[in-house]
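# Structural characterization, general
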Amino acid sequence: EGLDGSRETLGNRHPDTLASINNLGLLLHAKGDLEGAISEFSRVIRIDPTMAQAWNNRGFAKYKMGDPQGAISDYSRSLELDPKKARTWTHRGNALQELGDLKGAIENYTRALDLERVGVAARRRPSFGLDALDLHAISFAGPPSSSTTRPPSSSARMCGSGSGKSGASSGR
């Protein structure tokens, strides 16, 4: 009743309705009903073919059903729509690996790791916004060294004040 009422009130194309259908697919997937999950994700895709998460979810269900080629197709469409999802790159890498395409799998895993590295760098610098130069430097950085994996010093956390006072907080 809830989903039907949502459709009636909001219409099929409303994001809340799409999210509800997508969530139903996730629930069916979690219960082991992969065919039902694929059906629900396909409904979302028919209504809004630009919803990258539905493509990714359907790909994952296809992969679990033993259809890595179908999964790759869905993952590829998801990545065309949203290429910054590390998890989708990893999923596609898994499917490629299962099909024996180790080079393709490694390329996908590398892309996922690169995206995760950018995400970790952004989360580790909460008092600084990442600008284009920061993103450029991170994306071209090699493997993290021990000096880049340590948290910044207390003076760096204080926006580089150099005052040497510790414990100051910007309240963010």
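Just so we're clear, the structure is a prediction, and the values are computed from it rather than from any experiment.

Each value, and the rule that gives it
Residues numbered from 1 in each chain as written. Predicted model: local features only at pLDDT ≥ 70, side-chain atom pairs only at ≥ 80, totals over all residues. Heavy atoms only, no water. Helix = DSSP H or I, 4+ residues; strand = E, 2+ residues; numbered from the N terminus. Buried < 20%, exposed > 50% of the residue type's maximum accessible area, 1.4 Å probe, protein only. Contact = heavy atoms within 4.5 Å. pLDDT = per-residue confidence, 0-100. Expected span 1.5 Å × (residues − 1).

We now examine the overall build of the protein. A count of helical and extended segments in the protein gives ten helices and zero strands. In the protein, the succession of helices and strands from N to C terminus is α-α-α-α-α-α-α-α-α-α. For the protein, buried positions account for 33% of its 172 residues. Looking at the protein alone, contacts between residues at least 24 apart form 41% of all its contacts between residues at least 6 apart.

Next up on the list: the confidence of the model for the protein. On average, residues of the protein score 75 in pLDDT, and 60% of them reach the 70 mark or higher. In the predicted structure, residues 127-172 sits below a pLDDT of 50 and forms 33 contacts with residues beyond four places in sequence or in another chain.

Attention now goes to helix α6 (residues 86-98). In this model, α6 (13 residues) spans 19 Å end to end at C-alpha, consistent with the 18 Å of a helix rising 1.5 Å per residue. Where α6 is concerned, the buried positions are A86, T88, W89, H91, R92, G93, A95 and L96. Just past α6, the residue G100 takes up positive phi, approximately 90°.

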